[in-house]
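Below are the chains, spelled out letter by letter.
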Amino acid sequence: MIIKKIMIILLISMLVGCDGEQRTIEFSTQSISDSEKTSVQEEKQKIACVYICGQVKHPGVYQVSTDGRINDVLKMAGGFTKKAQRDALNLAEPVSDGERIYVLSKKEAQKAEKADEGAGEIPGGSTVNLNSASQQELMTLPGIGASKAQAIIEYREKNGRFTKIEDLKKVSGIGDATFSNIESMIAIG
């Protein structure tokens, strides 16, 4: 009972104040509106987590803006090591969330080049690079029409660079038969 009286006296003194002036106490509950939630989600969506490894000074996962480039991630990782094959990557290529970037060593690049020399080629004398080919270039492959070429490009944009040629089978509409027909004509370089 005494505690209730003390609480009432404190409340009255807070409302009235020492100088007799009436004061208003406002109580608010803080809530996050839907627009604020959307804004927070949009901020999260503007960040891409990219894993860079191989011949870089500090391999690891780095956060970069979704409009960032491979060069941005490379700088975050401390740059190339002395053993890196510097021209094996397109440093101007945009990155995507969840992407893995592997920087080849000079020896690895030489081995890959030698392996490609024995591979079958498409008309015109070169393989089609799944990571950089245009729709028209992809359509030079047997069994790849406009819709499959577009599906390859969309998959690449959504999921990042192909890390092995077998990843092509993850693209909707490309099965084992199509893949085996073009396997010797594609590269991921």
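Above this note sits the structure.
On a predicted model such as this, the values are computed, not experimentally measured, just so you know.

## Observations regarding helix α6 (residues 146-159)
Helix length check: α6 (14 residues) gives 20 Å between terminal C-alpha atoms against 20 Å at 1.5 Å per residue, within 8%. Those residues of α6 that sit buried are A149, A151, I152, I153, Y155 and R156. Those residues of α6 that are buried lie in contact with α5 (135-138). One or two steps after α6, the chain reaches G160, where phi turns positive at roughly 90 degrees.

## With respect to the pattern of salt bridges
Using the criterion set out here, one finds three salt bridges in the structure. Between R161 and E93 there is a salt bridge, and its shortest N-O distance comes to 2.8 Å. Here the residue R161 occupies a position in the loop between α6 and α7 (176-182), and E93 occupies one in the loop between α3 (70-76) and β3 (100-103), the gap between them amounting to 68 residues. The same class applies to R161 as to E93, namely buried.

## Things to note about the sheet that holds β3
What links the strands of a sheet is backbone hydrogen bonding, and the strands pair in either a parallel or an antiparallel sense. If you trace the three strands from one edge of the open sheet to the other, you get β2-β1-β3, paired in mixed fashion. The open sheet has two edge strands, β2 (60-65) and β3, and neither has a second partner. Averaged over all neighbouring strand pairs, the angle between strand axes comes to 30 degrees, with direction disregarded. Summarising the sheet, strand β1 (residues 47-54) and β2 pair through six bridges and their orientation is antiparallel. Paired with I52 across the strands is G60, a residue of β2.

## Details of a positive patch on the surface
Together, K57, K82, R86 and K106 make up a region of like positive charge exposed at the surface. Its place among the elements puts K82 in the loop between α3 and β3.

Conventions we followed
- Residues numbered from 1 in each chain as written.
- Predicted model: local features only at pLDDT ≥ 70, side-chain atom pairs only at ≥ 80, totals over all residues.
- Heavy atoms only, no water.
- Helix = DSSP H or I, 4+ residues; strand = E, 2+ residues; numbered from the N terminus.
- Expected span 1.5 Å × (residues − 1).
- Buried < 20%, exposed > 50% of the residue type's maximum accessible area, 1.4 Å probe, protein only.
- Contact = heavy atoms within 4.5 Å.
- Salt bridge = Lys/Arg side-chain N within 4 Å of Asp/Glu carboxyl O.
- Pairing = 2+ DSSP bridges.
- Axes fitted to C-alpha atoms, helices over the stretch in contact; angles between N-to-C directions.
- Patch = residues over 30% accessible without salt bridge, like charges linked within 9 Å, V, L, I, M, F, W, Y side chains within 5 Å.
- Areas by Shrake-Rupley, 256 points an atom, 1.4 Å probe, with all protein chains shown as cover.
- Lys, Arg positive; Asp, Glu negative; His and termini not counted.
- Charge placed at Lys NZ, Arg CZ, Asp CG, Glu CD.

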